[in-house]
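# Architecture and fold: a report
If you want the building blocks of each chain, they are given just below.
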Amino acid sequence: MAARPQTSRSDTGARRRRPADRRRLIVDAAAKAFSDGGYHAVRLDDIADAVGISAPALYRHFPNKYALFAETTAELATGLRSALDTVPEGGQDELRALLEAITATSFDNRRRGGLYRWESRYLEPDDAAIVRDVVVHQHRRVRAAARRLRPSLDDPDANLVAAAMISVAASPTTHRASLPARDAAVLMSDAAAGLLDVELPADTGPDVPTAPGLAPAAKREVILTEAIDLFAARGFRDVTIEDIAQAADLPASGVYRHFPSKVAILEASFWRATDRVTSGISDALAASTTPREGIVAMLAHYIRLSSSTTELITTYETEIGHTTPQAREALRNQQRITVDEFATWVTRDRDDLSLAQARFLVHAALNVVTDLSRQSPQPSPERIKALTTRILLRPHRPSAE
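### Comments concerning the overall build of the protein chain
Secondary structure assignment for the protein chain yields 19 helices and zero strands. In the protein chain, buried positions account for 49% of the 401 residues. Long-range contacts, defined as pairs at least 24 residues apart, comprise 76% of the intrachain contacts of the protein chain with a sequence gap of at least 6. By element, 51% of the accessible surface of the protein chain is carried by carbon and sulfur atoms, the whole surface being about 20,200 Å².

Now the structure itself:
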């Protein structure tokens with residue numbers, strides 16, 4: 001029998017040596033997990049499994065889930081700050097360079113961007129300040145660069161245009177549509193920079209009905225309405241069935257007569273919003289005679305819906321990780337159908353775009369709608385429509401006489 005080769009202690013140590021970048025691997029895995037599933041839905045065991053280590057090994061780097069969450073969020077924020085700080089202040093090219101830096105950073109962090117955009121609501125004050133300072137710094141730099149190129153912008157218009165530009169540049173983090181990184185960077189930077197020339201209508205404020213109208217009396221509708229308000233204000237995890245029942249003026253058993261669980265309430269609310277989007281798109285197209293008319297009409301409906309249901313939009317963006325995997329996949333499939341409907345009509349109006357490019361622009365436009373609708377005070381729908389129309393459609397050129 002041949003003798004087994006001898007293994008030295010040093011050889012064994014080399015094979016068992018922990019990778020030098022283990023902490024880096026943990027942070028990357030955590031950022032993706034928190035972005036995809038939400039802070040509360042993610043377990044440290046899941047992150048450890050993704051890295052290929054045990055939970056005790058993970059605890060040697062981070063004492064608890066919050067510490068890991070805070071570090072991943074701070075890292076994303078400081079990475080964006082570093083990208084912005086590479087752009088020299090002043091000069092004709094500053095705005096374009098800033099937008100390219102934001103787009104590139106967003107594209108690099110597509111799997112982690114949800115963490116930066118939506119999950120910072122769970123940060124403690126000192127950690128939240130890190131993110132807030134970067135967001136403010138980003139906005140101020142883009143706004144200042146825009147005003148240097150268009151000095152006539154007053155404060156409200158400059159703030160709105162800057163917010164819309166940043167929303168376009170950051171939009172790759174909100175979807176998984178496919179396009180080569182360089183092509184996407186040019187497309188998004190062009191779309192964002194093009195907003196500088198938009199002539200904004202006067203700000204009349206949000207469309208507020210002259211009378212509040214009547215609320216549905218059906219208990220199921222009351223439960224859905226009250227639950228969404230609570231989820232938006234306090235977060236899904238911190239709302240109980242008893243809280244919903246009290247808000248709906250029902251006993252807890254009354255809630256369970258309509259919904260088997262809190263998750264079922266959340267999913268029903270999301271499908272209600274999805275159905276409204278789908279129905280509105282069909283109505284908009286039925287009333288249109290050209291692709292351009294259809295796109296403008298679909299945008300107008302989407303803006304009205306988003307502006308009037310900000311609590312639902314906020315809940316959808318922040319709490320979808322609490323739905324079942326089957327429901328989450330079905331909802332996202334329906335989102336893709338909506339984007340493709342928009343994108344198809346965009347390509348019928350614009351022969352300079354592929355369907356893949358149109359999808360990116362549609363995601364950018366819908367992201368602007370969501371971001372601006374959540375501002376306080378909320379811009380008027382007409383101002384949002386002016387910006388999003390420019391993203392999707394080429395401006396009309398006056399005909400030569």
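### Some remarks on unusual backbone geometry
Cis geometry marks the peptide bond from Ser376 to Pro377, where omega comes out at 0 degrees. Position of Pro377 relative to the elements: it lies in the loop between helix H18 (355-373) and helix H19 (381-392).

### Some remarks on the packing of aromatic side chains
Taken as a whole and judged by the stated rule, the model has five aromatic pairs. Judged by centre distance (5.2 Å) and plane angle (80 degrees), the rings of Phe34 and Phe69 are edge-to-face. Of this pair, Phe34 sits in helix H2 (residues 22-37) while Phe69 sits in helix H5 (residues 65-85), placing them 35 residues apart in sequence. Neither residue differs from the other here; Phe34 and Phe69 are each classed as buried. One aromatic cluster in this structure is built from Phe34, Tyr66 and Phe69. For Arg110, the ring lying beneath its charged end belongs to Phe107, and the centroid distance is 4.8 Å. The ring of Trp345 carries Arg348 above its face, with NZ or CZ at 4.5 Å from the centroid.

### Some thoughts on the pattern of salt bridges
Applying the stated criterion across every chain, the model contains 23 salt bridges. A salt bridge links Arg23 to Glu71, with the nearest nitrogen and oxygen atoms 2.7 Å apart. With a gap of 48 residues between them, Arg23 in helix H2 and Glu71 in helix H5 connect regions that are remote in the sequence. Across the pair Arg292 and Asp349 runs a salt bridge, and its minimum N-O distance is 3.5 Å. With Arg292 in helix H15 (residues 291-308) and Asp349 in helix H17 (residues 325-349), this pair connects stretches of sequence that are 57 residues apart. Where salt bridges share partners, they join Arg350, Asp351, Asp352 and Arg394 into one cluster.

### Brief notes about the side chain of His301
With respect to the helices, strands and loops of the structure, His301 is situated in helix H15. Among the residues examined, His301 registers a relative accessible area of 17% and is labelled buried. For His301, the residues in contact, after removing those within four places along its chain, are Arg276, Val277, Gly280 and Ile281.

### A few points about the environment of Asn333
Structurally, the position occupied by Asn333 is in helix H17. Residue Asn333 is classed as partly exposed on the basis of its relative accessible area of 32%. At 2.2 Å, the side chain of Asn333 forms a polar contact with the side chain of Arg336.

### A word on the layout of surface pockets
One number sums up the size of the largest pocket: a volume of about 1,200 Å³. Every residue lining the largest pocket is counted, 43 residues in all, and those nearest its centre are Thr174, Tyr316, Glu317, Arg332 and Gln335. For the lining of the largest pocket, the element with the highest residue contribution is H17, accounting for eight residues. When the residues that make up the lining of the largest pocket are grouped by side-chain class, the tally is 14 nonpolar, 18 polar and eleven charged.

### Observations regarding helix H3 (residues 44-51)
Inspection of H3 places Leu44, Ile47 and Ala48 among the buried residues, and these make up the whole buried set. Take H3 and look down its axis: the buried residues cluster within an arc of 100 degrees, on one side only. Residues of H3 that are exposed and angled more than 90 degrees away from the buried face: Asp49 and Ala50. On its buried face, H3 sits against H2, helix H4 (55-59) and H5. Directly after H3, the chain includes Gly52, whose backbone phi takes a positive value near 85 degrees.

### So, the nonpolar core
Within the largest apolar cluster, 88 residues are counted, with the highest numbers of intra-cluster contacts made by Ile47, Leu68, Met165, Val168, Ile391 and Leu392. Membership of the second largest hydrophobic core comes to 26 residues, among which are Ala227, Ile241, Ala248 and Leu266.

### So, the confidence of the model for the protein chain
Close reading of the predicted structure is inappropriate where its pLDDT is low. On average, the protein chain scores 87 in pLDDT, and the residues at 70 or more come to 88%. Taken element by element, the protein chain is modelled with least confidence in helix H1 (residues 9-16), mean pLDDT 42, and with most confidence in H19, mean pLDDT 97. Every residue in residues 1-5 is under pLDDT 50, and counting partners more than four places away or in other chains gives zero contacts. Low confidence marks residues 7-16, where pLDDT is under 50. Its contacts with residues over four positions away, or in another chain, come to two contacts.

### Remarks on the packing of H2 against H3
Between H2 and H3, the shortest axis-to-axis distance is 9 Å and the interhelical angle comes to 125 degrees. Comparing the axis directions of H2 and H3 gives the class oblique. In this structure, the crossing between H2 and H3 has a hand that is right-handed. Listed contacts from H3 to Leu25, Ile26, Ala29, Ala30, Ala33 and Phe34 of H2 are Ile47, Ala50 and Val51. Its residues assigned to classes, the contact of H2 with H3 shows nine nonpolar, no polar and no charged.

What counts and what doesn't
Residues numbered from 1 in each chain as written. Predicted model: local features only at pLDDT ≥ 70, side-chain atom pairs only at ≥ 80, totals over all residues. Heavy atoms only, no water. Helix = DSSP H or I, 4+ residues; strand = E, 2+ residues; numbered from the N terminus. Buried < 20%, exposed > 50% of the residue type's maximum accessible area, 1.4 Å probe, protein only. Contact = heavy atoms within 4.5 Å. Areas by Shrake-Rupley, 256 points an atom, 1.4 Å probe, with all protein chains shown as cover. Phe/Tyr/Trp six-rings, centres within 6.5 Å; stacked < 30°, edge-to-face > 60°. Lys NZ or Arg CZ within 6 Å of the ring centre and 35° of its normal. Salt bridge = Lys/Arg side-chain N within 4 Å of Asp/Glu carboxyl O. Polar contact = N/O pair within 3.5 Å; in protein donor to acceptor, adjacent residues only side chain to side chain. 1 Å grid on protein atoms, 1.4 Å probe; cavity = no way out; pocket = protein on both sides within 12 Å on 5 of 7 lines; lining within 4 Å. Points joined across faces, edges and corners; volume = space filled by probe spheres on them. Nonpolar A, V, L, I, M, F, W, Y, C, P; charged D, E, K, R; others polar. Arc of directions from axis to C-beta. Core = buried A, V, L, I, M, F, W, Y, C linked by side-chain atoms within 4.5 Å. pLDDT = per-residue confidence, 0-100. Axes fitted to C-alpha atoms, helices over the stretch in contact; angles between N-to-C directions. Parallel < 35°, antiparallel > 145°, perpendicular 65-115°, else oblique. Left-handed = near helix turned anticlockwise from the far one by under 90°.

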